[in-house]
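Geometric and topological summary
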Amino acid sequence: MEILNFSTDPDLKKVARALQQGAIVVDLNHVFAVVALPNAQGVDSMSAVKNRKAGKSYGSLISDARGFVEESQLDEKTKVSLTNSLVEGALDDAFVRLPWRDSENDALVMSGTHQGLKTTEPVLSFCRSLEERLIRNEEGFMMNRLICSSANISGDPRGSITDRNEALQFAQDRGVGLFVEFDFPTTDVETGSFPIFSFQHMAFSVERQGPGWGEIQQRLLERGFSALR
């Protein structure tokens, strides 16, 4: 397995080759993730790495907030408000779960919903560059974003991996070819699984608490969304 610090060595060709071969592991600062292309090969590779259990689905990495929301089945008013909130950073480093069109692949759409992680720099530019190089204007992809899941065995009661050494061991043990990390702006962050917010008709539910979830909830309330309990 190769380790690549993309901040000091932004070798896009190397990452692209690795993704075309299978899933990779990426440091998202709060937590580590398995990342793959949004096609059948990518899903199969991620499922193999995670030993996927039935009833589990994968999210995606949001670099284009407008495109992500527009694909959903939200009403138009909620689409506009949510898009503005995403663009303005109100949901940075959080999963956004939305009603989604039916899909034959339950690995990405589960119970009529799909969730995406609102990425921030430097992961944001990393995702955009890979989408431009590998996904956009190409056939055979289920969506225009990289897909992702926590770097652990599916259903692991210990939850997501937040320790670098443990993530490296996981990647090596599961046969992952590339481990990508970054020089993040700060290391003083709360680690743990990202919070999950689901949306419907100008209202949201907190499906999972996580780093910064309280501040995100307050920002949403200030933008006119109501909280469901």
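Because the structure is a prediction, the values reported are computed rather than measured. (Residues numbered from 1 in each chain as written. Predicted model: local features only at pLDDT ≥ 70, side-chain atom pairs only at ≥ 80, totals over all residues. Heavy atoms only, no water.)

A few points about the sheet that holds strand 1 (residues 2-5)
Strand order in the open sheet formed by 11 strands is 1-8-2-3-7-4-6-5-9-10-11, with mixed pairing between adjacent strands. Either end of the sheet is taken by a strand with one partner, and the two such strands are strand 1 and strand 11 (226-227). With two bridges connecting them, strand 2 (residues 24-27) and strand 8 (residues 178-181) associate as parallel partners. Each bridged residue has a counterpart across the sheet, and for Val26 the counterpart in strand 8 is Val180. Helix 1 (residues 12-21) rests against strand 1, strand 2, strand 3 (32-36) and strand 8 of the sheet, and its axis sits at about 135° to strand 8. (Pairing = 2+ DSSP bridges. Helix = DSSP H or I, 4+ residues; strand = E, 2+ residues; numbered from the N terminus. Contact = heavy atoms within 4.5 Å. Axes fitted to C-alpha atoms, helices over the stretch in contact; angles between N-to-C directions.)

Some remarks on the layout of surface pockets
Of the voids in this model, the largest pocket is the one considered here, and its volume is about 680 Å³. As for the largest pocket, its lining consists of 32 residues, and the residues nearest its centre are Ser57, Gln115, Ser149, Ser150 and Arg208. Those elements giving two or more residues to the lining of the largest pocket turn out to be strand 3, strand 5 (95-99), strand 6 (113-118) and strand 7 (147-150). Sorting elements by how many residues they give to the lining of the largest pocket places strand 6 first, with four residues. Residue classes in the lining of the largest pocket are distributed as 12 nonpolar, 15 polar and five charged. Empty space within the second largest pocket amounts to approximately 170 Å³. What lines the second largest pocket is a set of 14 residues, among which Asn29, Asp93, Thr120, Glu121 and Phe184 lie closest to the centre. (1 Å grid on protein atoms, 1.4 Å probe; cavity = no way out; pocket = protein on both sides within 12 Å on 5 of 7 lines; lining within 4 Å. Points joined across faces, edges and corners; volume = space filled by probe spheres on them. Nonpolar A, V, L, I, M, F, W, Y, C, P; charged D, E, K, R; others polar.)

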